[in-house]
Amino acid sequence: MFFRKIIKRVTFFFVALVFLLLFLSENFYINAKDNKNFYGDGTSAQWADIAPFLSVIYKNTPYISVSNGKTIQKFYFNTEIFCDLGLCVYGEPNSVQFTGTVNDFKAAANGYFRVDKNASSTAGEYRFLGFSINGIPVTNSRFPSEFEINTGNARLVKYTDLPANVKKLFGVNNLNNAMYISIKDLIESINSPIWNFTTTVSGKDESIRERLTKLGIFKNGKATVSLLEYGIFYSWAESGGVVRLFFASGSGADTFYSYATFSGPVTVDFVMKFPSASSLLNISGESSQKIGENTFLMPQTAKQLSFDITLQGIMNDNNKILSDFARRYTYTRNQMTGHEIYINNMVINSTTTRFDENAVLFEGTLRNFTVRASQLVPGRNTITVNGVLKIYFENNPSTRYIYAPCSLDITIVYSPITPTPSPTPNVTPEQEPTESIPPRRTHCFEISRKW
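Quick summary incoming for the structure in this document. (Residues numbered from 1 in each chain as written. Predicted model: local features only at pLDDT ≥ 70, side-chain atom pairs only at ≥ 80, totals over all residues. Heavy atoms only, no water.)

**Some remarks on unusual backbone geometry**
Next, step 1: Positive phi outside glycine occurs at asparagine 345, with the angle close to 65°.
Next, step 2: Within the element layout of this structure, asparagine 345 appears in the loop between strand E20 (336-343) and strand E21 (346-347). (Helix = DSSP H or I, 4+ residues; strand = E, 2+ residues; numbered from the N terminus.)

The following block contains the structure:
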């Protein structure tokens, strides 16, 4: 009996020990281990380990799909950055290169990253940590400030005016913005998101709007300079935009150059440029009542006049001559999902579409457009007909369309029959009796003149 109790106690002890070891090993696994191979410290935690501790939006999103305009790639939730920094990031710092974003690395004494994936290599910080859940590069708030010059003495410098050695130092000696010229009006418009792009200065975010305002070149809600002339653009897409601006202080041999890289989200409204479109209305078919250009004669006995009106439209998408890069930022026939033609607010159901090398042609006809005599007044009448061509793109017709209105003035000469009045009978009017008027008495004067 005594030995039985001892065996039971020993068995209970070992079972408890096993459970304790399992508990400790499980928690050790979740809390991460340091291996210092790429990050400042690493973790062996997996997605399944940390998902329960994430907010709803993240726990159901183990990866995101990001497009660079040509291909789509998956980027998975970065468990190491979450465990170490508490940040929700997809991919790694070098992932942002997929969308054309340049990611700088700067040495820092307490840097989280290792530039060469080696524990003994230089510690530092990357400008971007990876992607947000919306596919936008996430700015690293730990990234060292890019310029410490006196901002009161700083001035904005065109990238083309940088000395050759400075261009090489900043890595922009072979770069330009030629590819973005076609969407310059979108990038630099008043409502463009670029003015809210930010950079990190002394641990705080500063926008392009704020920086240019301090320099006195952002007034009345818009910049007085062109960013495409001054900055180098590394990215401008739905995945985000990145532009680097250059500054100088001092003069001559004492000139000090620096730069700041600004980034932020970009909506499709400021990424894709719409092609130009136009429309024209004309009278189609023959009519015996037509007496001139868009001019008709309404017969005296007619109650109405009918003729056909055709709307012809054209979209110049330059499909054949667009470069591959420009095609990524321009709506063409390839993204067109439909079109509509309206004449006097009536939709034309039967339309035709023809494709040329650099244009798409549309046509629709309103049959038997009718003008009634009751609408007219004798003489010349002008009737205005309005037309609209709408071309839709992608899968959101409420916002992705171009609108090409037109109008046509039609003259109608109307000469209705007027009734002939009845002749008035020849009646000699009776003379009314007159009173006898006494003759007027006159006076005679004798006039004597001296000449």
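Further notes follow.
**Section: the sheet that holds strand E19 (residues 304-316)**
Next, step 1: In spatial order, the strands read E16-E19-E23-E22; together these four strands make up an open sheet with antiparallel pairing. Two strands close off the open sheet at either side, each with one partner strand: strand E16 (276-284) and strand E22 (351-355). If you compare each strand with its neighbour and ignore which way they point, the axes differ by 20° on average.
Next, step 2: Two strands pair when backbone bridges link them, and E22 and strand E23 (residues 360-372) are joined in this way by five bridges, in the antiparallel orientation. Opposite threonine 353, over in E23, you have phenylalanine 362 as the bridge partner. (Pairing = 2+ DSSP bridges. Axes fitted to C-alpha atoms, helices over the stretch in contact; angles between N-to-C directions.)

**So, the pairing of strand E25 (residues 401-414)**
Next, step 1: As judged from the four bridges shared by strand E18 (residues 295-298) and E25, these two strands associate in the parallel manner. Bridge pairing in E25 places phenylalanine 296 opposite isoleucine 412.
Next, step 2: As defined by bridge partners, strand E24 (residues 379-393) adjoins E25 across 14 bridges and the pair is classed as antiparallel. Each residue of the ladder has a partner; that of asparagine 381, found in E25, is isoleucine 412.

**Quick word on the packing of aromatic side chains**
Next, step 1: A full pass over the atoms with the stated rule returns 24 aromatic pairs.
Next, step 2: With 4.9 Å between their ring centres and 80° between their planes, tyrosine 112 and phenylalanine 113 make a pair best called edge-to-face. Here tyrosine 112 and phenylalanine 113 have matching classes, each one buried.
Next, step 3: Between tyrosine 392 and tyrosine 401, the ring centres sit 5.8 Å apart and the planes meet at 55°, which makes this aromatic pair tilted.
Next, step 4: Since its relative accessible area comes to 13%, tyrosine 392 is described here as buried.
Next, step 5: Three or more aromatic residues link up through ring pairs in this structure, and these residues are Trp47, Tyr58, Phe77, Phe82 and Tyr90.
Next, step 6: Over the face of the ring belonging to phenylalanine 247 we find arginine 211, whose NZ or CZ atom lies 5.9 Å from the ring centre.
Next, step 7: Here arginine 244 stacks its cationic end above the ring of tyrosine 259, 4.1 Å away from the centre of that ring. (Phe/Tyr/Trp six-rings, centres within 6.5 Å; stacked < 30°, edge-to-face > 60°. Buried < 20%, exposed > 50% of the residue type's maximum accessible area, 1.4 Å probe, protein only. Lys NZ or Arg CZ within 6 Å of the ring centre and 35° of its normal.)

**Concerning the layout of surface pockets**
Next, step 1: Its boundaries defined by the atoms lining it, the largest pocket holds a volume of some 310 Å³.
Next, step 2: Lining the largest pocket we find 13 residues, and of these Ser67, Asn68, Gly69, Glu238 and Arg328 sit closest to its centre.
Next, step 3: Of the residues contributing to the lining of the largest pocket, the split by class is four nonpolar, five polar and four charged. (1 Å grid on protein atoms, 1.4 Å probe; cavity = no way out; pocket = protein on both sides within 12 Å on 5 of 7 lines; lining within 4 Å. Points joined across faces, edges and corners; volume = space filled by probe spheres on them. Nonpolar A, V, L, I, M, F, W, Y, C, P; charged D, E, K, R; others polar.)

**Looking at the pattern of salt bridges**
Next, step 1: Enumeration over the complete set of coordinates arrives at eight salt bridges.
Next, step 2: The salt bridge partner of arginine 333 is aspartate 317, with a shortest N-O separation of 2.8 Å. Taken together, the positions of arginine 333 in the loop between helix H9 (324-328) and E20 and aspartate 317 in the loop between E19 and H9 put the pair 16 residues apart, joining distant regions of the chain. Considered together, arginine 333 and aspartate 317 belong to a single accessibility category, that of buried residues.
Next, step 3: Notably, a salt bridge pairs lysine 320 with glutamate 357, separated by 3.2 Å at the nearest N-O pair. Here the residue lysine 320 occupies a position in the loop between E19 and H9, and glutamate 357 occupies one in the loop between E22 and E23, the gap between them amounting to 37 residues.
Next, step 4: By sharing partners, the salt bridges in this structure join Glu206, Arg211 and Lys214 into a single network. (Salt bridge = Lys/Arg side-chain N within 4 Å of Asp/Glu carboxyl O.)

**Looking at the sheet that holds strand E17 (residues 290-292)**
Next, step 1: Strand order in this open sheet of six strands is E17-E18-E25-E24-E20-E21, and the pairing throughout is mixed. This sheet does not close on itself; its edge strands, each paired only once, are E17 and E21.
Next, step 2: Pairing analysis gives seven bridges linking E20 to E24, with the strands arranged antiparallel. In the strand pairing of E24, methionine 336 is matched with phenylalanine 393.

**Considerations on the pairing of strand E15 (residues 256-264)**
The two faces of a sheet get side chains in turn, since along a regular strand they alternate between them.
Next, step 1: Counting buried positions along E15 gives seven out of nine residues, so the element sits mostly inside the fold.
Next, step 2: Here nine bridges tie strand E14 (residues 240-249) to E15, and the two strands are oriented antiparallel to one another. If you follow arginine 244 over to E15, its bridge partner there is threonine 261.
Next, step 3: As consecutive antiparallel partners, E14 and E15 are separated by six residues, and within that stretch glycine 250 has a phi angle of approximately 80°, a positive value.

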